Amino acid sequence: MTLQNFMNEAISPWMQEEGPDSDIVLSSRIRLARNFANVPYPILADADKLEEIRDFFKTNYENQSFQNYEDFAFIAIKDLSSIEKRVLVEKHLISPHLVKNAETSAVLISENEQVSVMINEEDHIRIQLYFPGFQLAEGLEKVFEFDDWLEEKINYAFDESRGYLTSCPTNVGTGMRASVMMHLPALAMTKQINRMIPAINQLGLVVRGIYGEGSEAQGNIFQISNQITLGKSEHDIVDDLESVVRQLITHERNARSRIQEQSGTKLEDRIYRSYGVLENARIIESKEAAQCLSNVRLGIDLGLIKKVSRNILNELMILTQPGFLQHYQKQSLTANQRDILRATLIRERLQLEN
Amino acid sequence: MECQECQKRPATLHFTQVINGNKKEVHVCEVCAREKGYKTYPEEGYSLHDLLSGLINFESQAMGNPQGGPFQQVKELQCPKCEMTFSEFKRVGKFGCAVCYDTFSERLDPIFRRVHSGNTKHHGKIPKRQGGNLHKRRQLENYKMELKTLIESEEFEKAAEIRDKIKALENEQDIGKEGDRP
Ligand SMILES: [Zn+2]
Ligand SMILES: [Zn+2]
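A. Fine view of the pairing of strand β9 (residues 205-209) of chain A. β9(A) sits mainly inside the fold: five of its five residues count as buried. Judged by which residues are buried, β9(A) turns out to be covered on both faces: Leu205(A), Val207(A) and Gly209(A) on one side and Val206(A) and Arg208(A) on the other are all buried.

Take a look at the structure:
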């Protein structure tokens, strides 16, 4: 597996499959934070110690496979160009924190891009597993098996009473962050989401927009994840998250049918206008593109737009991020050039569907 | 604290940058963080501000001297492995190594309670290989809790079943008290 494969497609192979409830839940992710017992954490460790860890992963896991996660690519972050780094960040295969630690950091990525193991991020090891649609329980089972596989060769920093010992006190215990990415256009349109977020926060869960800044959620894509990692088992954390997600799915479906009943023509107008903009615009900012993509995706889910595949939202949201645009063009671009290229790529992508 | 970039807005993101092995503290506001490319991944961008200001308040309450007399200088806790001190930990908001947890142990409960809704003890996964006897001891604890609730609800038949399971597990082999600590 080479870096080039990861760079060429905006959409990871695992995203091509349709998971449960994928009209609303785009993907599920489980992340585990782990550390070597006898090495200081990346924030303090000497570079040579961290390089030892990086080399350990290269020696032991490069081109290895685990179950259907095959042929791990080992990529040292310092070997990447700045655009390549940005693309991997936009695909959520690495984090900006990993990029900041470029001198000593690395990542293992499975061929299907479902597993990425970040090495020397805030912790020595960050395991991430992605699943299409709503599959948290399945995800937890798989990530545990993967964790056991790594543990065959690694002595983890673990304590009976504090659990997995992480660099940040907010991750100690399970070291687990479970999250789902949800497309909630109807709850956003009716502003119901604003009332729901504080209630969800009270349950120890965090809601945030995945694209865009601050509280704004570009493309009406929200990430819901657990905040607490200590004192509850992984299964209980996932159960609690699942039940909230299930409620959100129900609310979103109800809101969609209510809007359709009460203002169907207005909704159709909005969806087809957005489709028209995406098909015809010559210059488009990321914010407008995201809103239009969200509307078109809703149109697909409601059966109004039939000739476009559902993946268009995930794919174009990633493809039209600045890093990807510049990778595509093989050069850095001004904001205006990006807006032009974004419009072109979206038009071309939609033409492929016809 | 003021943002070190614009010196206008309050600093809400605090972290340490290591450049050529030199640690440098960074305190910036959201706006400058974004502009200077400091902005972390949304998920990792947990603003430590609330957490840390909470910690520091808590610490001064816990350590404060109610009489208002001269403050007793307590010897600063320092990790023997990574040399991080407790005040450094509070400032940075990160542990330096696994041994820090032992070193600062007695002062961590209030912090964990704040961050994890009152919890201080792990109840999740145990490493498969390293966990050794711990797995069995956890299972025993669970059975004993189950037994207690069954007896309370007077479900004696089920309770007897659990009691047999406990006996069988206890007889299997000697269960060390200290487990297999890494
Ligand atoms: Zn500032
Ligand atoms: Zn330490």
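Here the narrative resumes.
B. A look at the packing of aromatic side chains. All names here are of chain A. Going through the model one piece at a time under the given rule, you end up with 20 aromatic pairs over all chains. Between the aromatic rings of Phe36 and Phe57, the centroid separation amounts to 6.4 Å while the plane-to-plane angle is 85°, which identifies the pairing as edge-to-face. Within this pair, whereas Phe36 is found in the loop between β1 (25-34) and α2 (47-61), its partner Phe57 is found in helix α2, the two being separated by 21 residues in sequence. Assessed through its relative accessible area of 0%, Phe57 is described here as buried. The interplanar angle of 80° and the centroid separation of 5.7 Å between the aromatic rings of Phe66 and Phe146 together place this pair among those described as edge-to-face. Remark: Phe146 occurs in helix α5 (residues 136-151) and Phe66 occurs in the loop between α2 and β2 (73-76); sequence separation between them is 80 residues. Exposure remark for Phe66: the relative accessible area of 11% places this residue in the buried category.

C. Highlighting the pattern of salt bridges. Counting across every chain of the model gives 27 salt bridges over all chains. Look at the salt bridges and you will find they share partners, linking Glu18(A), Glu252(A), Arg256(A), Arg297(A), Asp301(A) and Arg310(A) into a network.

D. Highlighting the coordination of the zinc ion (ligand 2). Residues and elements named next belong to chain B. Here the zinc ion (ligand 2) is held by the protein donor atoms Cys79 (SG), Cys82 (SG), Cys97 (SG) and Cys100 (SG), which lie 2.3 to 2.4 Å from it. Taken in sequence order, the residues that donate to the zinc ion (ligand 2) follow the motif C-x2-C-x14-C-x2-C. One end of the pair, Cys79, is in the loop between α2 (48-63) and α3 (86-92); the other, Cys97, is in the loop between α3 and α4 (98-103), with 18 residues separating them in the sequence. We note that Cys79, like Cys97, is buried.

E. A look at the interface of chain A and chain B. Taken together, the contacts link 56 residues of chain A with 51 residues of chain B. For the pair chain A and chain B, the two sides together bury roughly 4,700 Å², of which 56% comes from carbon and sulfur. Across the chain A-chain B interface, the total number found is five salt bridges. Among the ionic pairs, Glu122(A) bridges to Lys94(B), the shortest N-O distance being 3.2 Å. If you look at where chain A meets chain B, you find 27 residue pairs in polar contact (both at pLDDT 80 or more). At four residues, α5(A) tops the list of elements feeding residues into the side of chain A that touches chain B. For the side of chain A that touches chain B, the class distribution of residues is 21 nonpolar, 16 polar and 19 charged.

Conventions we followed
Residues numbered from 1 in each chain as written. Chains lettered and ligands numbered in written order. Predicted model: local features only at pLDDT ≥ 70, side-chain atom pairs only at ≥ 80, totals over all residues. Heavy atoms only, no water. Buried < 20%, exposed > 50% of the residue type's maximum accessible area, 1.4 Å probe, protein only. Helix = DSSP H or I, 4+ residues; strand = E, 2+ residues; numbered from the N terminus. Phe/Tyr/Trp six-rings, centres within 6.5 Å; stacked < 30°, edge-to-face > 60°. Salt bridge = Lys/Arg side-chain N within 4 Å of Asp/Glu carboxyl O. Donors = N, O, S within 2.8 Å, 3.2 Å for Na, K, Ca; no water. Contact = heavy atoms within 4.5 Å. Buried area = accessible area lost by both parts, 1.4 Å probe. Polar contact = N/O pair within 3.5 Å; in protein donor to acceptor, adjacent residues only side chain to side chain. Nonpolar A, V, L, I, M, F, W, Y, C, P; charged D, E, K, R; others polar.

Remember, this is a structural readout, not a statement about activity or role.
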